[in-house]
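Inside the fold
One-letter residues, chain by chain:
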Amino acid sequence: AASKRERSQRAGEGDHVDEIIVDVRSNTPLVSTMAMMELGALGPTEKVIDVLIQSLKEKKNPGQAALILGGFGSAAGRAVPALLPYLSDQTAGPNVIQALGRIGVGDDAVIAGLRKTVADEKSPYRGLAASSLGVLKSSSAVPELRLALSAPEKYTRILAANALAALGSEATPAIPDLIGLLKDPDPDIRVSAMEALGMIGPTAAAAVPQIERQLQFPDRRLKESSVAA
């Protein structure tokens, strides 16, 4: 297969891409995945993006298609409508959520879909969706991010706190929730909460006594995060 592709490259780039496209549509997952990786190496050309969008529409290896499109960043903006239907997909969902954050198209449909995922207590991808909202700096998502701070899953709480940190002073309504996390028995949770409060800034001054208490613990990360906050 490699030598065939090498001949194709010598014959012309267009023929080479056409051969890869044939493999993208393969019913063998490994073949399709490798072909999409090759497309990713070619960069975000119109033809490459068209092929990946079509793969999403045809439900052909959507998780891998999302991974490649996410790597293209903002250049893959027009792929967003094809990605959105997979937000809650059990297999492709994680890659789609991360791709939407990396593409950085903060349109209403993207934000609404990610907020819905964060608010869904049954979704295993709440933390990932929170992280993408942080990357997109979506201040409208503060209510959902506050809800996620009380999620039973540790890393959902951490990623929600990190997303609020990315919003800075726009996350002011979440200050009481973040102060509450400073009493969490898990030091990782407390570190994330302190970092968020520090990024929010002066409006979080009410948290200072709770932050100072963290200096009493032997955990070095708690001390360093307390001082930084």
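Residues numbered from 1 in each chain as written. Predicted model: local features only at pLDDT ≥ 70, side-chain atom pairs only at ≥ 80, totals over all residues. Heavy atoms only, no water.

Quick look at the nonpolar core
Our working rule: For the purposes of this section, nonpolar cores are sets of buried Ala, Val, Leu, Ile, Met, Phe, Trp, Tyr and Cys residues that join through side-chain atoms within 4.5 Å. Only protein chains enter the accessibility calculation, which uses a 1.4 Å probe; a residue is then buried when its area is under 20% of its type maximum, exposed when over 50%, and partly exposed in between. Only heavy atoms matter for contacts: two residues are in contact if any of them lie within 4.5 Å across the pair.
Within the largest apolar cluster, 70 residues are counted, with the highest numbers of intra-cluster contacts made by Leu52, Leu69, Leu83, Leu164, Leu178 and Leu197. Once you skip the residues sitting within four places of it in the chain, Leu178 turns out to touch Leu149, Ala161, Leu164, Ala193, Ala196, Leu197 and Ile200.

Things to note about the pattern of salt bridges
Note the cut-off: In the sections that follow, a salt bridge refers to a side-chain nitrogen of Lys or Arg positioned within 4 Å of a carboxyl oxygen of Asp or Glu. Secondary structure elements follow DSSP: runs of H or I no shorter than four residues count as helices, runs of E no shorter than two count as strands, and numbering proceeds from the N terminus.
Applying the stated criterion across every chain, the model contains 11 salt bridges. Asp186 is paired through a salt bridge with Lys154; the nearest N and O atoms lie 3.2 Å apart. Of this pair, Asp186 sits in the loop between α12 (175-181) and α13 (187-200) while Lys154 sits in helix α11 (residues 154-167), and the two are 32 residues apart along the sequence. For Arg221, the salt bridge is made with Asp188, and the minimal N-O distance between the two is 2.4 Å. Here Asp188 lies in helix α13 and Arg221 lies in helix α15 (residues 220-228), a separation of 33 residues in the sequence. A network of salt bridges, in which partner residues are shared, links Lys154, Asp186, Asp188, Asp219 and Arg221.

Points about the side chain of Ser138
Residue placement: Ser138 occurs in the loop between α9 (126-135) and α10 (142-148). With a relative accessible area of 6%, Ser138 lands in the buried category. Apart from residues lying up to four places away in sequence, Ser138 is in contact with Ile111, Leu133 and Leu167.

Considering the side chain of Thr117
The criterion, for reference: As used in this structure description, the phrase polar contact means that two N or O atoms lie within 3.5 Å; if the pair is within protein, one of them must be able to donate a hydrogen and the other to accept it, and residues adjacent in sequence are counted only when both atoms belong to side chains.
Relative to the helices and strands, Thr117 resides in helix α8 (residues 108-119). Classification of Thr117 by relative accessible area gives buried; the value is 10%. Polar contacts involving the side chain of Thr117 include one to the main-chain carbonyl oxygen of Gly113, which spans 3.0 Å. Not counting residues within four places of it along the chain, the set of residues in contact with Thr117 comprises Ile97, Ser123, Tyr125, Arg126 and Ala129.

With respect to unusual backbone geometry
The residue Lys59 is not glycine, and still its phi comes out positive at about 60°. For Lys59, the location among the structural elements is in the loop between α4 (46-57) and α5 (62-71). Here the phi dihedral of Lys137 falls at roughly 50°; this positive angle occurs in a residue that is not glycine. Within the secondary structure, Lys137 is located in the loop between α9 and α10.

Concerning helix α7 (residues 93-103)
Burial of α7 is extensive: 8 of the 11 residues sit out of reach of the surface. Elements in contact with the buried residues of α7: α5, α6 (80-83), α8 and α9.

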